[in-house]
Amino acid sequence: MTKLVTDASFQADVLDSEKPVVVDFYAEWCGPCKMMAPGLAELAEEMADDVTIVKIDAEESPEAPSRYGVRGFPTLIVFKGGEPVAIRPGAMRKSELKSWIEGAI
């Protein structure tokens, strides 16, 4: 299961994390976001030792997406040491997601 973060918890959950964090910026009404969610949830469990995967509802918590220039959904950003190191807009299949994450971390 992917953890839900908010603007209020973003610093602690993402920027201050000891391990890399993949943030899925999504919106409730976004069809591709919903299609991608099960694969992301599976990867969150499969890759839990190496990376944390979280989701943030960009409409409920608009500060973080705005700060990182997120314009469309879904957009995924990998953070390492509190800094964004990889950005990928658009939906991906689970296998693509896994390869992209592994390449970024």
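Look up a bit, the structure's there.
Participant: Any chance you could explain the overall build of the chain here in plain terms?
Facilitator: A count of helices and strands for the chain gives four helices and five strands. Overall, the chain shows an N-to-C arrangement of helices and strands of β-α-β-α-β-α-β-β-α. Relative to the compact-globule value of 13 Å for 105 residues, the chain shows a C-alpha radius of gyration of 12 Å, a close match. The C-alpha extent of the chain, read off along each of the three principal axes, is 30 × 30 × 20 Å. Burial status across the chain gives 46% buried among its 105 residues. Of the contacts formed within the chain by residues at least 6 apart in sequence, a portion of 71% connects residues at least 24 apart. For the chain, the exposed surface amounts to about 5500 Å²; the carbon and sulfur share of it is 50%. Positive and negative side-chain charges in the chain, numbering 11 and 18 respectively, have mean positions lying 5 Å apart.

Participant: I'm lost on the pairing of strand β3 (residues 52-57) in this one. Help?
Facilitator: Across the six residues of β3, five count as buried, placing the element largely inside the fold. As paired strands, strand β1 (residues 3-5) and β3 are joined by three bridges and run parallel to one another. Within β3, the residue paired with V5 across the bridge is I56. As judged from the six bridges shared by strand β2 (residues 21-26) and β3, these two strands associate in the parallel manner. Residue pairing in the sheet places F25 in a bridge with I56 of β3.

About the criteria used
Residues take numbers from 1 onward in each chain, read along the sequence in its written order. The predicted origin of the model limits local features to residues at a pLDDT of at least 70 and limits the giving and counting of side-chain atom pairs to 80 or more, whereas totals for whole chains, interfaces and linings rest on all residues. For side-chain calculations, the full set of non-hydrogen atoms in the structure is used, while hydrogens and water are omitted. The numbering of helices and of strands both runs from the N terminus, where a helix is a DSSP run of H or I of at least 4 residues and a strand a run of E of at least 2. It is over C-alpha atoms that the radius of gyration is taken, and the globule rule equals 2.2 Å times the number of residues to the power 0.38. Each residue is placed in one exposure class: buried if its accessible area under a 1.4 Å probe, protein chains only, is under 20% of its type's maximum, exposed if it is over 50%, and partly exposed if it falls in between. In what follows, a contact means two residues having at least one pair of non-hydrogen atoms within 4.5 Å. For the area figures, the Shrake-Rupley method with a 1.4 Å probe applies, and any residue is considered shielded solely by the protein chains shown. Just so you know, the count uses Lys and Arg for positive and Asp and Glu for negative, and it drops His and the chain ends. Think of each charge as sitting on NZ of Lys, CZ of Arg, CG of Asp or CD of Glu. Strands pair, by our definition, only if DSSP identifies at least two bridges between them.

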